[in-house]
Amino acid sequence: MRPGKVKKSERRRKILLELKLRPHVRISELARQFNASTETLRRDFDALAKDGLIDRAHGGASALSQRHYPNLDTRTAARIAERESIALAAASQVRDGETIMIDSGSTTIELAKALAYRDVSCTVITNSLPVAMTLGSRSADVMLCPGEYQGDENAVVGTETLEFLRGFRVDRCMIGASGLSVDGVSETVRGFAAVKREMLRQASLRQLLIGSEKFNQSGLARVVGIDELHSIFVDVRPQNELLAALKRGGVDIHVADTPSPNA
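What counts, and where the lines are drawn
Residues numbered from 1 in each chain as written. Predicted model: local features only at pLDDT ≥ 70, side-chain atom pairs only at ≥ 80, totals over all residues. Heavy atoms only, no water. Buried < 20%, exposed > 50% of the residue type's maximum accessible area, 1.4 Å probe, protein only. Phe/Tyr/Trp six-rings, centres within 6.5 Å; stacked < 30°, edge-to-face > 60°. Helix = DSSP H or I, 4+ residues; strand = E, 2+ residues; numbered from the N terminus. Pairing = 2+ DSSP bridges. Axes fitted to C-alpha atoms, helices over the stretch in contact; angles between N-to-C directions. Core = buried A, V, L, I, M, F, W, Y, C linked by side-chain atoms within 4.5 Å. Contact = heavy atoms within 4.5 Å. Salt bridge = Lys/Arg side-chain N within 4 Å of Asp/Glu carboxyl O. Parallel < 35°, antiparallel > 145°, perpendicular 65-115°, else oblique. Left-handed = near helix turned anticlockwise from the far one by under 90°. Nonpolar A, V, L, I, M, F, W, Y, C, P; charged D, E, K, R; others polar.

A. Structural view of unusual backbone geometry. The backbone of asparagine 35 shows a phi angle near 55°, a positive value even though the residue is not glycine. Despite not being glycine, asparagine 154 shows a phi value in the positive range, around 55°. A relative accessible area of 22% places asparagine 154 in the partly exposed class.

Written as structure tokens, this is what we have:
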């Protein structure tokens, strides 16, 4: 007797599991294993590649190759004053009773600290364990996404995460990113682009927190175009072509008060 068909979300979860066990899988092989057509598996592979979860290869896929990018611990230890000032500026806009999606990253962890310090009574949906733990000990209600755990980032990603996020509509989304250029917001960390994209899609107000060292930088995966943002929080005002692109996109620019290093 042939095995029953596997649901889409379960198929994609199993594809990711297979790639943890071996470096490469083939469409034809998994089609037989999941009792699905090769066209169905090809769509699964294309979707996972678009979400930044696998490397697409001819006839199949490979485990995502390791690309050089500082992990969360390294990023958290850098440019602390700048990230704190950006986070404080962003947190000052959040009001009691709001619903917010916050993604994983060094700057959004600072945002969680700022919201906790202000003791804002809000509902937060996040894929970040540090964000959840920081806010969960205060007056915020926290919902932690399910998904595939990434130890280096202390966060979850994957198809389960995206499906969970699609079940909500929130007042605002506040995300970080690897880069901001005239081409839009981009991300380097595996799986994060898809999570950011989905969070932005579910929010009435779409906001980006980003340091000036990431201006005119491009990550591996594009998240959204500049015109899909409502506002950005930065430590230094963008200049030249990037500033012009933000103005054309109607994006509000909030420049945080960063303490002088000599203060």
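B. Focus on the packing of aromatic side chains. Under the criterion given, the structure shown has one aromatic pair. For the pair phenylalanine 164 and phenylalanine 168, a centre-to-centre distance of 5.1 Å together with 55° between the ring planes defines the contact as tilted. Judged by relative accessible area, phenylalanine 164 falls into the partly exposed class, the value being 23%. Look at phenylalanine 168 and you get partly exposed, because its relative accessible area is 24%.

C. Representation of the environment of threonine 38 in the model. Mapped onto the elements, threonine 38 comes out in helix H3 (residues 38-50). Residue class for threonine 38 comes out partly exposed when judged on its relative accessible area of 30%. Residues threonine 38 and arginine 26, twelve residues apart in the sequence, show an inter-C-alpha distance of 9.9 Å.

D. Region of interest: the sheet that holds strand E1 (residues 24-26). Strand order across the open sheet formed by three strands is E1-E3-E2, with antiparallel pairing between neighbours. Each end of this open sheet is capped by a strand with a single partner; those strands are E1 and strand E2 (54-57). Ignoring strand direction, the axes of neighbouring strands in this sheet form an average angle of 25°. In this sheet, strand E3 (residues 60-63) lies alongside E1 in antiparallel orientation, the contact comprising three bridges.

E. How the structure looks around the nonpolar core. The biggest cluster of nonpolar side chains holds 53 residues, and the ones touching the most others in it are Ile15, Leu41, Phe45, Leu180, Val185, Leu208 and Ile232. Contacts of isoleucine 232, omitting those with residues within four sequence positions, involve Leu180, Leu208, Pro238, Leu246, Val251, Asp252, Ile253 and His254. Core analysis: the next-biggest nonpolar cluster, separate from the first, contains 22 residues, Ala90, Ala112, Leu135 and Leu209 among them.

F. The pattern of salt bridges, seen in detail. Counted under the stated rule, the structure contains twelve salt bridges. The closest approach of N and O atoms between glutamate 110 and lysine 113, which form a salt bridge, is 3.4 Å. Of the two residues, glutamate 110 and lysine 113 are both situated in helix H6 (residues 106-118); the distance of three residues between them amounts to about one turn of the helix. Its relative accessible area of 7% is what places glutamate 110 among the buried residues. With a relative accessible area of 42%, lysine 113 lands in the partly exposed category.

G. Structural view of the packing of helix H2 (residues 27-34) against H3. Following both chains from N to C, one finds H2 and H3 inclined at 115°, their axes separated by 9 Å at the closest point. Relative to H3, the element H2 is oriented roughly perpendicular. Between H2 and H3 lies a crossing whose hand is right-handed. Facing Ile27, Ser28, Leu30, Ala31 and Phe34 of H2, the residues of H3 in contact are Thr38, Leu41, Arg42 and Phe45. Within the contact of H2 with H3, the residues separate by chemical class into six nonpolar, two polar and one charged.

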